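# Structure at a glance
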Amino acid sequence: MLTTTTTKVLEPGELDAALAVLDREPVANAFVAARVQVAGLDPWRLGGEMWGWYAGGRLESLCYAGANLVPICAGPEAVRAFADRARRSGRRCSSIVGPAAATTELWSLLEPHWGPAREVRPHQPLMVTSSLSADIEPDPHVRRIRKDEMDVIMPACVAMFTEEVGVSPMAGDGGLLYQARVAELVGSGRSFARIEDGRVVFKAEIGAATRSACQIQGVWVAPEHRGRGLSETGMAAVLRYALGEIAPVASLYVNDYNTAARAAYRRVGFEEVGAFMSVLF
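This text gives an overview of the structure that appears in the document. (Residues numbered from 1 in each chain as written. Predicted model: local features only at pLDDT ≥ 70, side-chain atom pairs only at ≥ 80, totals over all residues. Heavy atoms only, no water.)

## A word on the environment of serine 278
Positionally, serine 278 belongs in strand E12 (residues 271-280). Excluding anything up to four places from it in sequence, serine 278 contacts Ile96, Val97, Glu119, Val120, Arg121, Gln124 and Tyr253. A distance of 2.6 Å separates a polar atom in the side chain of serine 278 from a polar atom in the side chain of glutamine 124. (Helix = DSSP H or I, 4+ residues; strand = E, 2+ residues; numbered from the N terminus. Contact = heavy atoms within 4.5 Å. Polar contact = N/O pair within 3.5 Å; in protein donor to acceptor, adjacent residues only side chain to side chain.)

## Section: helix H9 (residues 259-268)
If you check which residues of H9 are buried, you get Ala261, Arg262, Ala264, Tyr265 and Val268. Looking straight down H9, one finds its buried side chains confined to an arc of 160°; they lie on one side. Away from its buried face by more than 90 degrees, H9 exposes Thr259 and Ala260. Directly beyond the C-terminal end of H9, a positive phi value near 130° is found at glycine 269. (Buried < 20%, exposed > 50% of the residue type's maximum accessible area, 1.4 Å probe, protein only. Arc of directions from axis to C-beta.)

## So, the nonpolar core
Ile216, Met235, Val238, Leu239, Leu252, Tyr265 and Phe270 are the most contacted members of the largest nonpolar core, which has 28 residues in total. Those elements giving two or more residues to this core turn out to be strand E9 (199-209), strand E10 (214-221), helix H8 (230-246), strand E11 (250-253) and H9. By residue number, the principal contributor to this core is H8, which donates nine residues. Those residues in contact with methionine 235 that lie beyond four places of it in its chain are Phe202, Ile216, Val219, Leu230, Leu252, Tyr265, Val268 and Phe270. Ranked by size, the runner-up nonpolar core spans 26 residues in total, among them Val21, Leu46, Val70 and Val97. (Core = buried A, V, L, I, M, F, W, Y, C linked by side-chain atoms within 4.5 Å.)

## Thoughts on the sheet that holds strand E8 (residues 191-196)
If you walk across this open sheet you meet the twelve strands as E1-E2-E3-E4-E5-E12-E6-E11-E10-E9-E8-E7, and the pairing is mixed. Looking at the sheet topology across the chains shown, the edges are occupied by strand E1 (5-9) and strand E7 (143-144). Against the sheet, helix H4 (residues 76-89) engages E1, strand E2 (49-55), strand E3 (58-65) and strand E4 (68-72), with an angle of about 140° to E2. Its contacts with the sheet put H9 on strand E6 (119-129), E10, E11 and E12, and the angle it makes with E6 is roughly 10°. (Pairing = 2+ DSSP bridges. Axes fitted to C-alpha atoms, helices over the stretch in contact; angles between N-to-C directions.)

## Things to note about the side chain of threonine 210
Relative to the helices and strands, threonine 210 is located in the loop between E9 and E10. For threonine 210, the side chain forms a polar contact with the main-chain nitrogen of serine 212, separated by 3.1 Å. Every residue in contact with threonine 210, bar those within four places of it in the chain, is listed here: Ala30, Ala33, Ala34, Gln37, Ile246 and Ala247.

Function-wise, these values are silent; they only describe arrangement.
Structure, rendered in structure tokens:
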């Protein structure tokens, strides 16, 4: 029996169906789910289109097409359909990121048309925890950043982004979009840091949050303060906020070559449960 499949941009009235797909993998999909829960499916509010792949008239898979291209709950057939649509649309994203298996297949189909990438990170362990480790004492000096401290947190955010991604977030539009994103996290109470003598020595953000899970990002220790264990005690402090006030599960993904960070996160209580992949342009 043949099953009819199709791919199209989701309409605002399909929000419940989209959320049902996102809820299948609440940890892996936290970033996109958080955006959809706030903005719905209107492209202007969402910051991009949400593509849907349907089998027999039922919505089975999604692909967020904005600043990032993100396959969601996508098997091989859905990935091929999303790749075909992305190829026809042309590259408008700065990265492709998502669960490793689907993202690997998506990039293999797009690379002949969009390549070469500036960098490919094929295996980024996805780490999860639902409890604080009893072995690491949370840093009592890590706290929420206030709205009047944007000038204090911004240099650390720029340094982290540049170190992690390889380009400055201040390029292009002069950093307007990046500053707006940092301000959004500060304003929502999801930006945390330890500040000494007016300078950030540790920072992290809860970048995405749903009722089911939240995702920690932007973990950074000032170079001159590395080796003091601040990433562990600082992360424990952020986790205390995240699990106590935001969601029952916290996640992050990390580059596989960053063995020191992976070990630190394990000591705090994280376990590796899967992998992401990122393609950077």
